[in-house]
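Chain by chain, the residues:
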Amino acid sequence: MSTAGNSIAARLDAFLAAWPQLALVEVKEAKGSTPREEGAWMLVSESSIFGTIGGGQLEFMAIDRAREMLAADVPANDTLDVPLGPQIGQCCGGRVEIGLKLADKAVLADLKQRVAREDALRPSIYIFGGGHVGHALADAMSLLPLAITVVETRADMLEGLTGAVESKLTAMPEEIVRNAPAGSAFLVLTHDHALDFLIVSEALNRGDAAYVGMIGSKTKRATFASWYRKEAGGDETSLARLVCPIGGADVKDKRPTVIAALAAAEVMRALSV
């Protein structure tokens, strides 16, 4: 099963179908401390929005001006030059220039191209195992700008996944590791420790993974390390890249949703390095 439900493009298409009359709001220049960077954008309809330029009073002002534009009370192109100080109730200290324009066919075509490029650059995340933690990870990470795939050897464990992820049923999950794009992240939590070891070994041996994590304990990590050195020919440099247990050991709560939240934060941190 495969779906692109979490892609920006899919969500944008659904928004455009619901709201034919729109204004594009975009950060043209950002100086100092600002809520969002240059290029951040949002679409505004008469009663809904898609995206964000950072929230707070700045965004409220931009939405109000965009809706005035839609009501033909202001020109089809406009600019807001906003100092982020006490006068608007924000204390960021920076300054933002906002561009606003009616979203005609040409504007939307350009925006769709930009979104397609963003989707293509999403980091690839592979979750091996569709158990409780695997499903919780898929749910948590589906909210993030990531391309997520859940890999399983058992068809029934792929049922009930969020529609925002891709799923792959395979008898040889290690092949998925070998064929993954450079810079991918791998989270390994299958029902079988031997299978976990095989997948983790493949991921570490690639040498280009952004993150390799395995669910387990200090004992499981030690057992894997011994096996990896003796049986898989692994070295200490590769072994040092393994995160086990995923989510860290500081928080003792082992509920799947808690582990998923902590592991998702680890992955995002690793991807940003």
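Our structure is the block above this text.
Residues numbered from 1 in each chain as written. Predicted model: local features only at pLDDT ≥ 70, side-chain atom pairs only at ≥ 80, totals over all residues. Heavy atoms only, no water.

Student: Give me the lowdown on the packing of helix 1 (residues 8-18) against helix 3 (residues 105-120), citing residues and values where you can.
Tutor: At a minimum axis distance of 8 Å, the contact between helix 1 and helix 3 shows a crossing angle of 155 degrees. In this view, helix 1 runs roughly antiparallel relative to helix 3, as classed from their interaxial angle. Counted together, Ile8, Ala9, Leu12, Asp13 and Leu16 of helix 1 and Leu108, Lys112, Val115, Glu118 and Asp119 of helix 3 form the full contact between these two elements. Tallied by class, residues from the contact of helix 1 with helix 3 come to six nonpolar, no polar and four charged. (Axes fitted to C-alpha atoms, helices over the stretch in contact; angles between N-to-C directions. Helix = DSSP H or I, 4+ residues; strand = E, 2+ residues; numbered from the N terminus. Parallel < 35°, antiparallel > 145°, perpendicular 65-115°, else oblique. Contact = heavy atoms within 4.5 Å. Nonpolar A, V, L, I, M, F, W, Y, C, P; charged D, E, K, R; others polar.)

Student: Give me the pairing of strand 6 (residues 124-128): which residues, what numbers.
Tutor: For strand 6, the buried fraction is high: five of the five residues fall into the buried class. The alternating pattern of strand 6 places Ser124, Tyr126 and Phe128 on one face and Ile125 and Ile127 on the opposite face, and all of these are buried. The pairing of strand 6 with strand 7 (residues 147-152) spans five bridges and is classified as parallel. Considered in strand 7, the bridge of Phe128 is made with Val151. In the classification by handedness, the crossover that spans strand 6, the intervening helix 4 (residues 132-141) and the parallel strand 7 is right-handed. As paired strands, strand 6 and strand 9 (residues 185-188) are joined by four bridges and run parallel to one another. Bridge pairing in strand 9 places Ile125 opposite Ala185. (Buried < 20%, exposed > 50% of the residue type's maximum accessible area, 1.4 Å probe, protein only. Pairing = 2+ DSSP bridges. Right-handed = clockwise from strand over helix to strand, strands pointing away.)

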